[in-house]
Each structure stands twice: as structure tokens, then as C-alpha cells.
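Observations on chain architecture
Chain residues, written in single-letter form:
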Amino acid sequence: MSAVGSSQRVAAAFDTTLAMYQGARGTRFYANATTARLPASLASNVLGVIGLNNAVREHDMVQRAVSTVRPAGRSAATSSAASASCETAYPTDEQLFDFYNDGTSLATGYGAGPGCSGLTPTQANSIYDAPHVGAKGKGRGVTLAVFELSAYKASDIGHWAHTVYGKSFTPPLQNVNVDGGPLHPVCPKGDTCPAAEQGYAGDIEVDADIETQLTISPDAADIIVYNAPNDETGQTELAEYTRIANDDSASSVSSSWGECESELGAAMAKAEDVVFEQMATQGQSMFALAGDNGAFDCGTTPQTLAVDDPESQPWVTSVGCTSLQTDNPGTTAHPAYPAGVESVWNVDSLCDESTDEGGDTGLFWCNTTGAGGGGSSSFWGRPWYQAGPGVNNAFTTLGNGTTQCAFAAAGTPCRDVPDVSANADEFTPYAEYCTGSSETPNSLCATFSASEPAPGWFGIGGTSLSSPLWSGIAADRDSYQGHRSGNFNPMLYRLLQAGPGLYFHDITGGGQTTLNNGFFPTTPGYDEATGIGTPRMSPLIIRKA
């Protein structure tokens, strides 16, 4: 039920006051100073009250590789599989210090994408061992969806697809706008949809999501791009998730937009939970990114352990991020998985709690070069399915009724994330194509992509990439098995207990230099840095579980 009134009347109706605050990232917002209260005769029928604060500002989670001149003829120094071209070695911390502090040029190049812009679909599928079973292992007949809060150019997706799959390939795109979408926003009354956040403001995210789903599921019947205005109270976001659930068209859904739990608020989290449970009941698989700021996704100073929503939701599969580190496949079309190399994403281990990392704080590097999110939910208790080697560990957090899984009984273990992971380091990136112009207002891609070595092409990373990758795996499994998988988590944790080495690459930290996501270490079995691990696609898709 929706209602609109003056701030005085709203505050009086819910027996609270509204005040101005400054958020963890410096943003000013209004919020209720005390918990909203209702008459006892109404309270039992109300799940929560949303719209009392405007701190719910969804943001994307992409990390773009540094773009500088890439030296042609230079081979990757650390990968025997790399061909002699313009690929470069993984950057050192000294190179990053010099680049970000002094502007010293940093050459980057990875994979076989145009201009050494990143991994191609063939390379990504080869690394994670996609099955060779034809179209039914590539999403044939399945509908996928992406949750978005920005317009995009369908012509960009077409160009990317024609480059990697040939001129005859037509991306199966459908567009569904909610609340008018980002180009013609119909902002809910009492809400705000800032002009700077509309239009093509997140086009780099939308293109990355679609192109990654097409990387794993090129034979999908449809990819539905759901889109709403990016608002400040979360109402458009909730309306979009509700539309995805009510349509029940997509069997696998990915969201690469999130907000730290404390800024989202308990009422919104509970409202989302109802929608995500509906999706799971209908057999829809929902995937969301684990965040790009390491274990500190609220970005607070001093650093506070925190995770994002919706990835912490129990009906959602949370996807973290890894790095292929020193393995650069160059132009090798079918590279093998680099056993013993893949690590948690934390570029040169710079994201940490240090006050001085090359003249900047560890938190600066968490926010700048990024690290995979993970940790314990402040809202949700541990779901029934979350069990297996490593789930109970030294970092297990128990509910305390307030800051630790507040929705669960005191003493209950909290929901831990991520559930699984995949490569999405911006320095071991995927090749994205995205452009913009004066006709695409607020476009991020318009600000840089034309100057790339191959115009429009660049390397992209962040958990925004690993989430649609896993949603593509779910779609491929649905196609091969002939039915929807629903919430992927019960199957994933069952496989963790039954045969983890068959279905996952366990990121243990053994023999590696990057050992944590800023706080939580990689360990054998489950851990709060990489979850269960990264995919072995063939058994995940073709074996019954």
C-alpha cells in the first residue's frame, strides 16, 4: 500500500521523527530517527515500512581495467600459454602506487579480445570447462533476465555479438521498463530519481551483464532486460524485482546492483525477501554480486565488516570474485584452467585494514582496485541449506539481536556470503564493448571508450561479471536437464558435501600470495572470501544432482 504526506504527517503517523544524516560514503540523506511504530491493531498485518529514508541508492559493481597504451609485440612474461602479442604481466603494487599517486603510465593487456581487452567467450568457457554437448549446454530454449537501473544501446550488444559469434548472430533481447524506466522515469510520489542517475548512467554495467550472460548462454531463447529509474528510497528497485517475479518468464536472473545492508534498512530487506521467496517457489534462480570492496562493503572509516544486499538474502545465490592472477592466456583460443593459480580477488593484497599502503590506506585500495566481498549478514540467520566443510569456522558469527543477523534468534549462526565465485579481476578481465555519444545522456562509456586501443573495447571486472556468469551456468543446466533449477543454493551446498572436487575449484590460498579479501582468508572448503569455489561447468551442467 502506498501513501504520501508531508514529513510532519508521516512522522506523526509512525510515531517517529525524520532527521538528516551523513552516510558512510559521505552522502547526506534523511531517515527516521527511531523505529516506525504502528497501532497494535495494524502492526501484525504490516511487514515493514519503506520510504522513510532516501539512503537506498543502488550502485553498480564494475571495475574497469586501467586504460593506457598497450605495447604491441610484447608477450606475457608469466604464462607459457600466451602468444606473442600485446598481453602484459599482472601489475605489481609498485606499478599501481606509481599510477594512482603519480600518474606514471601502466601498460595493461589481457586475453584475446580486440586490443587485448580481455577474455573472449571461447576462452572463458574453456577455462571453466564448459561441456561440448551442443546448444542444449548453451542455454537453448531458456529465458534469462538481468536487473538493471540504466539504459543501454542494443547496437553495442549487437556489435559485441557479431565480433565474437559472427555476423549472423542476433542477440535475443527483450526490454521491460518499470516505472517508466531510466529514459522516461515515472518516479513514485515522495521518492526522488536524480537526473544524474538516469539515462545511460550505468551503461557500462548493463552491457557487461548482457554480454556475460551471452558468453555462457549464447543459445538462450531470450534475455529480458528489466529496467527501472534509479531512485533514492528503493521503491523502484522493489517494483522491478516484483515485476520479474510476477512475470515468471525468466528461469535465471542476475543482479549486479546492490547496497550495503545498513543503508538498505530492515524493512526493505524483508520486503525483498518476500519477492525472492516467490521467485524460488516458482523455480527461478536468482544470482547477485557479493560486492567489490572486500570485507568492508559499506566503505566506513574506521573500517567495519559489512556485506551487501541483495546478495545476503537467503533465497539468492551470492557470487564472489576471484582472479586468474599471473596466468594470461594471450590469444590461445582454448586455454586450460590454471590449476593452483586462481586466488581470491584482492589486487596485490592492497585491500586491508592498513593505514599506509603506498601512501594510501587499505580502504582506499578496497574502493579503488577492489576486492571480492564476503562476510556475515547483519540481518539473516544461516539458511538450512548452508552446511558443509568450512561453513563452521573461526569467523562464524552468531546472532545478537541487533548488528548480527538481527532477524534470527540470539545465538543463531548468521548467513555467510558468498556462496560461490568466479574470475572477475579487472586485471584478468573479460572483453566488453560499450560506446556512447551526445545522444546517450550521462553515459559512462562515452567518457572513455572511444580512446581505447580498439575503440569501444576494454577490460571489465568486478563481481558484476561473476554474477551473470553463474546465472548463465544455471540457464545452461536448465536447458540440458530440461527443467528449472530454482534456488541454486541447496544443490550447491549438497555438492560441497558430496563431491566438491568434481564440481568446484576450491580456492584454498595454498602456494599463493593473495590470501584474503581484506579480512576473511581463503581456506580449504567453504570460506567467506570465495565461498565454495569457482565452477567446473561440465559436471554442474550435465550431471544430475
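Chains are numbered independently. Their residues run from 1 in the order of the written sequence. Residue-level local features of this predicted model are given only where pLDDT is at least 70; pairs of side-chain atoms are given and counted only at 80 or more, and the full residue set underlies all totals for whole chains, interfaces and linings. Just so you know, side-chain values use all the structure's heavy atoms and leave hydrogens and water out.

The helix count covers DSSP runs of H or I at least four residues long, the strand count covers runs of E at least two residues long, and both are numbered beginning at the N terminus. Counting its secondary structure elements, the chain contains 14 helices and 20 strands. Counting all 545 residues of the chain, 58% fall into the buried class. Two residues qualify as a contact provided that any one of their heavy atoms is within 4.5 Å of a heavy atom in the partner residue. Within the chain, contacts between residues at least 6 apart in sequence are counted, and of these 79% link residues at least 24 apart. The Shrake-Rupley method, run with a 1.4 Å probe, gives the accessible areas here. Residue values count only the displayed protein chains as cover. Carbon and sulfur atoms make up 53% of the accessible area of the chain, which amounts to about 19700 Å² in all. The cut-offs for exposure are 20% and 50% of the maximum accessible area for each residue type, with area from a 1.4 Å probe on protein chains only; residues under the lower value are buried, those over the upper are exposed, and the others partly exposed.

Turning our attention to the nonpolar core. If you look at the biggest cluster of nonpolar residues, it comprises 52 residues, and the most contacted ones within it are Tyr430, Ile460, Trp470, Ile473, Phe504 and Ile532. Ignoring anything within four residues of it in the chain, the contact list for phenylalanine 504 reads Val420, Trp470, Leu492, Leu495, Leu496, Ile532, Thr534, Arg536 and Leu540. What makes a nonpolar core is a set of buried Ala, Val, Leu, Ile, Met, Phe, Trp, Tyr and Cys residues whose side-chain atoms join them at distances within 4.5 Å. Core analysis: the next-biggest nonpolar cluster, separate from the first, contains 27 residues, Val176, Tyr241, Phe276 and Met279 among them.

Looking now at the pairing of strand β12 (residues 317–323). The buried fraction of β12 amounts to seven of the seven residues, a majority that puts the element mostly inside the structure. Where burial is concerned, the two faces of β12 agree: the one with Thr317, Val319, Cys321 and Ser323 and the one with Ser318, Gly320 and Thr322 are both buried. Note that strand β10 (residues 285–289) and β12 share three bridges and pair parallel. Along β12, the bridge assignment pairs leucine 289 with valine 319. At least two DSSP bridges between two strands are required for those strands to pair. With four bridges joining them, β12 and strand β16 (residues 420–423) adopt parallel strand pairing. Paired with cysteine 321 across the strands is alanine 422, a residue of β16. As judged from the two bridges shared by β12 and strand β13 (residues 343–344), these two strands associate in the antiparallel manner. The residue of β13 that forms the bridge with threonine 322 is valine 344.

Take the pattern of salt bridges next. For this analysis, a salt bridge means a side-chain nitrogen from Lys or Arg found within 4 Å of a carboxyl oxygen belonging to Asp or Glu. Applying the stated rule across the entire model yields three salt bridges. One salt bridge in this structure joins arginine 243 and aspartate 247, with 3.0 Å as the shortest N-O distance. Placement of the pair is arginine 243 and aspartate 247 together in helix α7 (residues 235–247), with a separation of four residues, close to one helical turn. Relative accessible area serves as the criterion here: at 33%, arginine 243 is assigned to the partly exposed category. According to the relative accessible area criterion, aspartate 247 is partly exposed, its value standing at 28%. Here arginine 415 ties to aspartate 419 by a salt bridge, and the two come within 2.8 Å at their closest N and O atoms. When sorted by exposure, arginine 415 lands in the same class as aspartate 419, which is buried.

Okay, the sheet that holds strand β17 (residues 430–433) next. With respect to topology, three strands assemble into an open sheet ordered β4-β18-β17, the strand pairing being antiparallel. Of all the strands in the sheet, just β4 (63–64) and β17 have a single pairing partner and so form its edges. Across two bridges, β4 lies against strand β18 (residues 457–461) in antiparallel orientation. Within the sheet, the bridge partner assigned to arginine 64 lies in β18 and is isoleucine 460. Only the stretch in contact is used when fitting a helix axis, every axis being a line fitted to C-alpha atoms; angles between N-to-C directions are given from 0 to 180 degrees. Those strands touched by helix α6 (residues 203–216) are β4, β17 and β18, and its axis lies near 120° from that of β17.

A word on the side chain of aspartate 191. Mapped onto the elements, aspartate 191 comes out in the loop between β6 (173–177) and α6. With near-sequence residues (within four places) excluded, aspartate 191 lies in contact with Asp231, Glu232, Thr233, Gln235 and Thr236.

Looking now at helix α11 (residues 463–481). Here a helix's expected span is defined as the number of its residues, less one, multiplied by 1.5 Å. In a regular helix each residue adds 1.5 Å, so 19 residues correspond to 27 Å; α11 covers 27 Å between its end C-alpha atoms and thus fits that length. Remark: glycine 482 follows α11 within two positions and exhibits a positive phi of approximately 85°.

Right, let's get into the state of the cysteines. Note on terminology: disulfide denotes any pair of cysteine sulfur atoms within 2.5 Å. The final tally for this structure, using the stated rule, is four disulfides. For cysteine 187, the disulfide goes to cysteine 193, at an S-S distance of 2.2 Å. Handedness of the cysteine 187-cysteine 193 disulfide follows from its S-S torsion of about 85°: it is right-handed. The class for cysteine 193 is buried, based on a relative accessible area of 16%. Linked covalently through their sulfurs, cysteine 351 and cysteine 366 form a disulfide whose S-S length is 2.0 Å. Note on the cysteine 351 and cysteine 366 pair: the S-S dihedral is about 85°, so by sign convention the disulfide is right-handed.

What follows is about unusual backbone geometry. In the segment running from aspartate 309 into proline 310, the intervening peptide bond is cis, with an omega of 10°. Position of proline 310 among the secondary structure elements: in the loop between β11 (308–309) and β12. At the junction of valine 417 and proline 418, the peptide bond is cis and its omega measures out at 0° in the coordinates. Looking at the element boundaries, proline 418 is found in the loop between β15 (414–417) and β16. Even without being a glycine, aspartate 179 presents a positive backbone phi close to 50°. The residue aspartate 179 is located in the loop between β6 and α6 in this model.

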